[in-house]
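The chain contents come next:
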Amino acid sequence: MNQSQKQFEFKNVDELKIFLKYQQRASLQYQQRFKDLLLQKVGQSPIKFDSNLSIKEFQTQYDAKVPVIINGLDEDWENWNWDYLIQNYKDCQFRCAIDDDGNYLKLRFDQYIQYFQDNSDYNPLYIFDGDIPKNMLNQYKIPYLFPQDYLAYLKQKRPQYRWILCGPKQSGSMIHIDPYETSAWNCVVLGKKRWVMFPPSIDKNIVKGKSLISQEVLSNINNPIDYFSIIVPLIKEYCDQQNIQYYDFIQSEHETVYVPNGWWHAVLNIEDCVAVTQNYVSDQNFEKFWIAFNKENPTLSQQFQTNVQQENEELYKKILILNERFNIQIKSLQQDDNVSEQDSLEEFQNQFD
Ligand SMILES: O=C(O)CCC(=O)C(=O)O
Ligand SMILES: [Fe+2]
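About the thresholds
Residues numbered from 1 in each chain as written. Chains lettered and ligands numbered in written order. Predicted model: local features only at pLDDT ≥ 70, side-chain atom pairs only at ≥ 80, totals over all residues. Helix = DSSP H or I, 4+ residues; strand = E, 2+ residues; numbered from the N terminus. Rg over C-alpha atoms; globule rule 2.2 N^0.38 Å. Buried ≥ 20, exposed ≤ 12 C-beta atoms within 10 Å, placed from the backbone. Contact = placed C-beta atoms within 7 Å. Pairing = 2+ DSSP bridges. Axes fitted to C-alpha atoms, helices over the stretch in contact; angles between N-to-C directions. Near = placed C-beta within 6 Å. Nonpolar A, V, L, I, M, F, W, Y, C, P; charged D, E, K, R; others polar. Expected span 1.5 Å × (residues − 1). Parallel < 35°, antiparallel > 145°, perpendicular 65-115°, else oblique. Left-handed = near helix turned anticlockwise from the far one by under 90°. UniProt positions renumbered as here; feature names shortened; annotations may be inferred. Domains from an automatic or database assignment. Core = buried A, V, L, I, M, F, W, Y, C linked by C-beta atoms within 7 Å.

1. Digging into the overall build of the chain
A count of helical and extended segments in the chain gives 13 helices and 14 strands. For the chain, the C-alpha radius of gyration of 21 Å lies close to 20 Å, the compact-globule estimate for 353 residues. Of all 353 residues assigned to the chain, the portion counted as buried reaches 37%. Contacts in the chain between residues far apart in sequence, at least 24 positions, make up 83% of those at least 6 positions apart.

Printed below as a string of structure tokens:
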């Protein structure tokens, strides 16, 4: 979130919808499109593990390489069910939309649930909040497979990096790559999601549909259902012809999807869904992260390097080698260099780019 962005809190969903000029009752044709999607055959799933996958095996075989699904990493949230969530978090405000100016639009959870229960919107409001309430953070623990979290060196300057996701069926996320070459895990606590994932090597104009359909049709495709219904079959055809490996699968309750850095992904909640997700940097994606981070956010990168210099000698050496090898010009932060609020709060979730 940069300085021009604000947060607006609404008393109820009607007020929010008026603000957004949001009118999205689903037509019968649209409801049919969702039903058709549920009947569609999905494609190949990433390899699945029970939570017996060792950290070493994960790091050497999968981290920063290929997606995996791990079952049962959600122990810390096992007491979450809809009643529990409503009872405990009804008074918390959650961000459930962003307006055209990038402002966060927030609704109290009980109001959101009321909307959730009787909505028949085509592209429903989706709680996607990186500012997790304190009483929810008490229960937040990083699953054992992801012990490295180098962005933590940024401390209070760290951009948003973990989100609570809650949405009715039909809500979801459009195709994107996560920022700064970070990897992510996404753990479904309640419900189910359909995913597609394409490798970093694929052409951006293919995954976004630009090379596959006319601009006129594409300009009307701005929600996950249309993306999955219209564009995904065309991309799959392209990938089959070109021998490009992709994944198209269902993530069930209690499963965690690992998204390697650079992989394109789009997600559709096919059941009412609650998930927790976090982006991270480990040894495996550090090199790519460092190059991307310097390019996109040089000021925060300086801060990162200064903090690492003080706290992790080995990682600092690695940074110096990378700076040399990739000609990264970075000066150490001087005492009076101040990382601005804007740099540190910069919107991390660059979903639609
Ligand atoms: O579950 C979803 O909607 C996808 C979330 C996601 O891709 C992200 O947080 O970057
Ligand atoms: Fe993502």
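Moving on from the model shown.
2. Structural notes on the sheet that holds strand β4 (residues 93–98)
Strand order in the open sheet formed by three strands is β1-β5-β4, and the pairing between neighbours is mixed. Across the chains shown, the open sheet's two edge strands, defined by having one partner strand only, are β1 (7–10) and β4. Across the sheet, the mean angle from the axis of one strand to that of its neighbour is 35°, orientation sign disregarded. Relative to strand β5 (residues 104–108), β4 runs antiparallel, the two sharing five bridges. Its bridge partner being in β5, Arg 95 is matched across the sheet by Lys 106.

3. Considering the site of ligand 1
As a structural note, the neighbourhood of ligand 1 is formed by Trp 163, Leu 165, Gly 172, Ser 173, Asp 178, Ala 184, Asn 186, Lys 193, His 265, Val 267, Ala 275 and Thr 277. Those elements giving two or more residues to the shell around ligand 1 turn out to be β7 (162–167), β8 (172–176), β9 (183–190), β13 (264–269) and β14 (273–280). For the shell around ligand 1, the per-class residue count stands at five nonpolar, five polar and two charged.

4. Re the pairing of strand β11 (residues 247–251)
Here β11 lies mainly inside the structure; four of its five residues are buried. Note that strand β10 (residues 193–198) and β11 share five bridges and pair antiparallel. Bridge pairing in β11 links Met 197 to Tyr 247.

5. Looking at helix α2 (residues 28–39)
Compared with an ideal rise of 1.5 Å per residue, which puts 12 residues at 16 Å, α2 spans 17 Å between its outermost C-alpha atoms and is within 8% of the ideal. Burial within α2 is sparse, with just one of its 12 residues counted as buried.

6. Some points on the sheet that holds strand β3 (residues 68–71)
With respect to topology, seven strands assemble into an open sheet ordered β2-β3-β12-β9-β14-β7-β6, the strand pairing being mixed. Only two strands of the sheet have a single neighbouring strand rather than two, namely β2 (47–49) and β6 (127–129). Each strand axis lies, on average, 20° off the axis of its neighbour in the sheet, ignoring direction.

7. Notes on the packing of helix α11 (residues 298–311) against helix α12 (residues 313–325)
Closest axis-to-axis distance for the α11/α12 pair is 7 Å, and the angle between their directions is 135°. Put simply, α11 runs oblique to α12. The element α11 and its partner α12 pack so that their crossing is left-handed. In this structure, α11 uses Gln 305, Val 308 and Gln 309 to contact α12, whose residues at the interface are Leu 315, Tyr 316 and Ile 319. Class assignment for the residues of the contact of α11 with α12 results in four nonpolar, two polar and no charged.

8. Quick word on the UniProt feature "domain: JmjC" (unreviewed entry) in the chain
Within the UniProt annotation, "domain: JmjC" (unreviewed entry) is assigned to residues 131–297. Regarding residues 131–297, the helix share stands at 25% and the strand share at 29%, and the terminal C-alpha atoms are separated by 21 Å.

9. Looking at the domain arrangement of the chain
The domain boundaries assigned to the chain delineate domain 1 (43–92 + 137–280) and domain 2 (286–345). Each partner contributes to the interface: domain 1 provides 11 residues, whereas domain 2 provides 16 residues. Tallied by class, residues from the side of domain 1 that touches domain 2 come to five nonpolar, three polar and three charged.

10. A word on unusual backbone geometry
Within the chain, Asn 243 stands out as a residue other than glycine whose phi angle is a positive 60°. Within the secondary structure, Asn 243 is located in the loop between α9 (224–242) and β11. Classification of Asn 243 as exposed rests on a count of 6 C-beta atoms within 10 Å. If you check the backbone angles, Asn 327 has positive phi at about 55° while not being a glycine. Judged by the 7 C-beta atoms lying within 10 Å of it, Asn 327 falls in the exposed class.

11. Quick notes on the nonpolar core
Considering soluble globular proteins, one finds that nonpolar side chains tend to be buried as a cluster. Counting residues in hydrophobic clusters, the biggest one holds 78 residues, and the most contacted among them are Cys 96, Tyr 112, Ile 127, Val 196, Met 197, Phe 198 and Ala 275. Each of domain 1 (43–92 + 137–280) and domain 2 (286–345) accounts for three or more of the residues forming this core. Leaving out residues up to four positions away in the same chain, Phe 198 has contacts with Val 207, Ile 235, Tyr 246, Trp 263 and Trp 264.

12. Here's the deal with α11
A rise of 1.5 Å per residue sets the reference length of α11, with its 14 residues, at 20 Å; its end C-alpha atoms lie 20 Å apart and thus fit the reference within 8%. Here α11 has its buried residues at Leu 300, Ser 301, Gln 303, Phe 304 and Gln 305.

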